[in-house]
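So the chains spell out like this:
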Amino acid sequence: MFTNYSAILLGDFRGPTKPEFRQVLEAGGAEIVSRITKNDADREGFITLAILDAQLSSEKVEKLTKSLGEDAEVIKSSWVLDSISCYEILPFANYRFSS
């Protein structure tokens, strides 16, 4: 399900833990990375995700988005669970942090 996705899990996770999210994403084919560079975000055929479970201030979202590059998506962890529940990759629009 998550083949061709590269993800970094940032911050604290309340519901499923960070190791549980990692396990689910890897089982679905995602590549989990410890950091994302602009080169990672520009890789052909990969969608780069920064997944967070906590609310961020607009300043932090803007700084994170700028550091990752415009091709990386900064999304809420609920996207992973909702995509699995629906048996399909859902659009990011409803899971982006407002900046």
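Calculation notes
Residues numbered from 1 in each chain as written. Predicted model: local features only at pLDDT ≥ 70, side-chain atom pairs only at ≥ 80, totals over all residues. Heavy atoms only, no water. Phe/Tyr/Trp six-rings, centres within 6.5 Å; stacked < 30°, edge-to-face > 60°. Helix = DSSP H or I, 4+ residues; strand = E, 2+ residues; numbered from the N terminus. Buried < 20%, exposed > 50% of the residue type's maximum accessible area, 1.4 Å probe, protein only. Core = buried A, V, L, I, M, F, W, Y, C linked by side-chain atoms within 4.5 Å. Contact = heavy atoms within 4.5 Å.

> Could you give an account of the packing of aromatic side chains, naming the residues involved and the relevant values?
Applying the stated criterion to the full structure yields 5 aromatic pairs. By way of ring pairs, the aromatic residues F2, Y5, W79 and F92 are connected into one cluster.

> Explain the environment of I36 residue by residue, including any values.
Counting through the fold element by element, I36 comes out in the loop between strand 2 (31-32) and helix 2 (38-41). With relative accessibility at 11%, the residue I36 sits in the buried group. Residues I36 and L49 lie 13 residues apart in sequence; the distance between their C-alpha atoms is 8.9 Å.

> Break down the nonpolar core for me, with residues and values.
Formed by 17 residues in total, the largest nonpolar core has its most connected members in L25, L49, I51 and W79. Elements represented by at least two residues in this core include exactly strand 1 (5-10), helix 1 (18-27), strand 3 (47-52) and helix 4 (78-86). The leading source of residues in this core is strand 1, at 3 residues. Dropping the residues within four chain positions of it, L25 is found in contact with F2, A7, L9, A30, I32, I51 and V80. V33, L64, L68 and F97 belong to the second-largest nonpolar core, a separate cluster that totals 11 residues.

Function cannot be read off these values alone, since they describe shape.
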